[in-house]
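Next come the chains, spelled out residue by residue.
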Amino acid sequence: MKKLRLGMIGAGKMASWHLKSYGKMPNVEIMAIASPSPDKGLKLAKKYKAKHFTNGFDLIKDSDIDVIDICVPTGLHKDFIIAALNKGLHVYSEKPMAASIKEIEEIIEVNKRAKKIIFNGFNYRFLPEFCRIRSIINSGELGDIRYIKMARVTKENPASYMLRPYSCGLFNEFHCHFVDLVSSFGFGNPKKVFASGTTVHDWKINPDTASMTLYYPNNMITEITASIASPGLAPEVLMIGTKGSLRLSYGRVRVVKKRDIWALPSSVMLMFKESMIIPFRVLRNPFKRSCEHFINCVMTGTGSECDEAAALKTFKITDAAVKSYFENKPVAID
């Protein structure tokens, strides 16, 4: 089997998770790692017996590789992606793909000529719990879904890239995961969005805690809440349909069939079962399946649903949420 030669730009937490995934794939050889931080970069390069660069553009120019994985802050993505495409490399880019609609459109134009596989890193699509939710939705077990609530909280530190100029804000960096998920569940395109939020900490990010509500043509609404101001381990989901409801908590999916009358013992038993959750699934590598998907797409020459066009679609929705937040009114989504 031919091995794909891989280069990694970045040496932080995301890059470490990605490299763990690639390191276990028999059809991938990790060739080079680039990081301006010599301590982190050299440590990872030594671990994977790869060449170390302090500059990502030098890695792209001077390495004999087939694919590149970009795990650096969002504002740096576009130039690395375009350099990689011009070199003839397939690209895994962490989400969001770039820092603006204009930058993503520029990537799309470049790849019309390069014709390479670009994967935008929406790894949530590939997590087992969300794959199960997708199959439950497709089975019709919940009936017509009218309401979805999704939430994720995490605690960033003052040195986080989220608080630096090359972040593109809470909605584009965090809410985007769930916008992409709802799209992958097959609910179509929302027609408008309303966003509200607040700033909990005295940080240079506004907001650091916010909700956005998406309105769909079929009378379904989706509420997405994200915060970087509170500790948390895993996303949570509530779906309510005409035949039943679904909850996701700490990686565990539970479906409850609709009943016209709930007896007290049944309600108590349901509450007991929902409280007995061991969060073992949050300890797994959350990028294993998305990295495998990217490599499989390259090996088979098959495009991914998380390509540059999907990245643009998602960014337009989250960017509309940013506008809604600052204008304090609903914004139509084109």
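Given the structure is predicted, the values throughout are model-derived calculations rather than measurements.

Draft legend 1. Broad picture of the sheet that holds strand β10 (residues 221–227). Pairing is mixed across the open sheet formed by eight strands, whose spatial order is β13-β12-β11-β7-β10-β9-β8-β14. The two strands at the open ends of the sheet, each matched to only one other strand, are β13 (252–257) and β14 (331–332). Two elements, strand β11 (residues 236–241) and strand β12 (residues 244–249), share four bridges in a ladder whose sense is antiparallel. Its bridge partner being in β12, I240 is matched across the sheet by S245. Each of β7 (145–153), β8 (192–198), β9 (209–215) and β10 touches helix α7 (residues 170–184); the most contacted strand, β9, lies at about 35° to it. Packing against the sheet, helix α10 (residues 308–327) makes contact with β8, β9 and β14, and its axis sits at approximately 55° to β8.

Draft legend 2. Structural detail: the environment of R132. Inspection of the secondary structure puts R132 in helix α6 (residues 128–139). Under the relative-accessibility criterion, R132 is labelled partly exposed at 42%. For R132 and R252, which are 120 residues apart along the polypeptide, the C-alpha to C-alpha distance reads 10.0 Å.

Draft legend 3. How the structure looks around the packing of aromatic side chains. Scanning the entire structure with this criterion turns up nine aromatic pairs. With a centroid separation of 5.7 Å and an interplanar angle of 10°, the aromatic rings of Y124 and F130 are classed as stacked. When sorted by exposure, Y124 lands in the same class as F130, which is buried. Seen in terms of ring centroids, F171 and Y325 are 6.0 Å apart; in terms of plane orientation they differ by 50°. Their pairing is tilted. With a gap of 154 residues between them, F171 in helix α7 and Y325 in helix α10 connect regions that are remote in the sequence. Summarising the burial analysis for this pair, F171 and Y325 share the class buried. Following the ring pairs from residue to residue traces out a cluster consisting of Y92, F119, F126 and F294.

What counts and what doesn't
Residues numbered from 1 in each chain as written. Predicted model: local features only at pLDDT ≥ 70, side-chain atom pairs only at ≥ 80, totals over all residues. Heavy atoms only, no water. Pairing = 2+ DSSP bridges. Helix = DSSP H or I, 4+ residues; strand = E, 2+ residues; numbered from the N terminus. Contact = heavy atoms within 4.5 Å. Axes fitted to C-alpha atoms, helices over the stretch in contact; angles between N-to-C directions. Buried < 20%, exposed > 50% of the residue type's maximum accessible area, 1.4 Å probe, protein only. Phe/Tyr/Trp six-rings, centres within 6.5 Å; stacked < 30°, edge-to-face > 60°.

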